[in-house]
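One letter stands for each residue in the lines below.
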Amino acid sequence: MRDVTTAQPRQDLAGRLDLDVQPTPLALLLLGREADPRSERGVECPGDLPSPSDPDLVERARAAKARLGDKVFILGHHYQRDEVIEFADVTGDSFKLAKDAAARPEAEYIVFCGVHFMAESADILTGDDQKVVLPDLAAGCSMADMATAEQVAECWDVLTEAGIAEQVVPVSYMNSSADIKAFTGRHGGTICTSSNAERALNWAFEQKEPGSAKVLFLPDQHLGRNTAVRDLGMSLDDCVLYNPHKPNGGLTVEELRDAKMILWRGHCSVHGRFSLDSVDDVRARIPGVNVLVHPECKHEVVAAADYVGSTEYIIKALEAAPRGSKWAIGTELNLVRRLANRFAAEDKEIVFLDKTVCFCSTMNRIDLPHLVWTLESLADGKLINQIKVDRETEHFAKLALDRMLALP
């Protein structure tokens with residue numbers, strides 16, 4: 001395997017930079033051609049999926065999209081493949097895309113090129129007459145799947161028995177299922193993104209008597225910890241980790257009562273792989289490099305980085321960076337590679353923080369064959385892979401989302 005951060009960039013026939021990434025055997029999932037039954041839904045397409053070697057796929061996608069016209073609106077998450085982004089009407093992070101979908105009420109079909117929880121959020125925020133479609137139902141999110149409705153309900157029972165539930169305000173990351181968003185709405189909490197997590201936590205602590213409030217942060221422990229310590233000035237001792245696979249979350253009543261932040265034991269499988277060694281290694285090899293990471297990374301990685309921010313923050317930071325600057329980015333590889341190509345003409349050296357491949361395997365299940373199959377099916381009047389959130393769940397999830405939208 002070649003070292004992603006040291007290999008010389010090459011150009012493909014289209015003139016785009018190739019970061020010379022070679023996938024590990026584990027990363028076969030990233031191509032969307034394999035399934036991990038332990039973490040993915042593994043749903044097969046109920047129809048004939050075009051071959052990935054079909055040379056006419058691009059033209060077929062264009063033709064199907066043209067047939068649909070204004071009836072379809074395609075959303076492309078930043079972590080998607082270039083071949084999919086090419087057909088997106090808008091690109092962005094999960095919440096931006098859901099809002100973009102809600103702003104297009106004339107579109108009958110919202111094709112969300114992302115993962116399952118993102119499509120759920122789009123369905124919650126769009127009109128009843130709009131249909132949200134996910135090109136591959138196996139495009140889930142390992143982080144979102146780390147908190148189920150049953151586990152979170154049991155956690156609330158633990159907090160109730162400890163006598164602190166009335167002091168607790170749930171704050172759930174956007175990267176969560178509709179069920180978890182609904183739980184948050186029912187219990188007076190709010191949703192947050194990686195961009196507004198600090199504002200969401202400040203809001204949550206203001207909902208109770210001064211000094212008494214606690215936050216149950218779901219499902220990403222790292223974003224919760226980093227925001228509390230880095231942005232709000234708390235100590236690591238103010239945070240406890242609730243493990244849903246252990247009795248009482250693996251915590252004593254005293255630990256729960258003393259904590260300000262009760263962090264769910266969840267993480268992003270992509271951002272969680274970056275290590276302090278990765279930061280030390282890239283600094284040793286690239287003098288003057290700026291290390292820029294996503295707040296879903298581990299606390300020690302965030303503490304060692306020069307800059308920390310959301311996907312949108314990362315993009316804007318590189319846009320504003322001076323010519324000739326050097327950057328090591330700790331986030332999903334599709335985005336890093338796209339940014340490296342975009343800013344190559346400005347002599348900005350952009351490398352991947354880790355030495356090995358780090359695609360989001362489930363996000364990468366949305367490939368050109370699945371997109372073509374989806375668009376052609378819709379153009380032929382066949383509704384496939386619709387994501388529909390039930391009315392009650394939608395109601396309470398929207399309460400939590402509306403609280404986020406009202407944050408100062």
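These lines cover the structure that appears in this document, whether it is placed above or below.

### Considerations on the pattern of salt bridges
Thought 1: Tallied over the entire structure, the rule returns 21 salt bridges.
Thought 2: Where Asp100 meets Lys96, a salt bridge forms, and the shortest distance between an N and an O atom there is 3.0 Å. Taken together, the positions of Asp100 and Lys96, both in helix 3 (residues 94-102) and 4 residues apart, correspond to about one turn of that helix.

### Focus on the packing of aromatic side chains
Thought 1: The tally for this structure, following the rule as stated, stands at 4 aromatic pairs.
Thought 2: With a centroid separation of 5.6 Å and an interplanar angle of 80 degrees, the aromatic rings of Trp156 and Phe183 are classed as edge-to-face. Taken together, the residues Trp156 in helix 5 (residues 149-161) and Phe183 in helix 6 (residues 178-186) connect sequence positions 27 residues apart.
Thought 3: Residue Phe183 is classed as buried on the basis of its relative accessible area of 8%.
Thought 4: For the ring pair Phe274 and Phe352, a centre distance of 5.7 Å and an interplane angle of 70 degrees mean the geometry is edge-to-face. Separated by 78 residues along the polypeptide, Phe274 in the loop between strand 11 (261-264) and helix 10 (276-285) and Phe352 in strand 15 (residues 349-352) bring together distant segments of the chain.

### With respect to the side chain of Lys348
Thought 1: Secondary-structure assignment places Lys348 in the loop between helix 13 (333-342) and strand 15.
Thought 2: A distance of 2.7 Å separates a polar atom in the side chain of Lys348 from the backbone oxygen of Leu318.

### Observations concerning the sheet that holds strand 3 (residues 72-77)
Thought 1: Strand order in the open sheet made by the 4 strands is 4-3-5-6, with parallel pairing throughout. For this open sheet the edge positions go to strand 4 (90-92) and strand 6 (131-133), each flanked by a neighbour on one side alone. Across the sheet, the mean angle from the axis of one strand to that of its neighbour is 25 degrees, orientation sign disregarded.
Thought 2: Relative to strand 4, strand 3 runs parallel, the two being bridged by 3 bridges.

What counts and how
- Residues numbered from 1 in each chain as written.
- Predicted model: local features only at pLDDT ≥ 70, side-chain atom pairs only at ≥ 80, totals over all residues.
- Heavy atoms only, no water.
- Salt bridge = Lys/Arg side-chain N within 4 Å of Asp/Glu carboxyl O.
- Helix = DSSP H or I, 4+ residues; strand = E, 2+ residues; numbered from the N terminus.
- Phe/Tyr/Trp six-rings, centres within 6.5 Å; stacked < 30°, edge-to-face > 60°.
- Buried < 20%, exposed > 50% of the residue type's maximum accessible area, 1.4 Å probe, protein only.
- Polar contact = N/O pair within 3.5 Å; in protein donor to acceptor, adjacent residues only side chain to side chain.
- Pairing = 2+ DSSP bridges.
- Axes fitted to C-alpha atoms, helices over the stretch in contact; angles between N-to-C directions.

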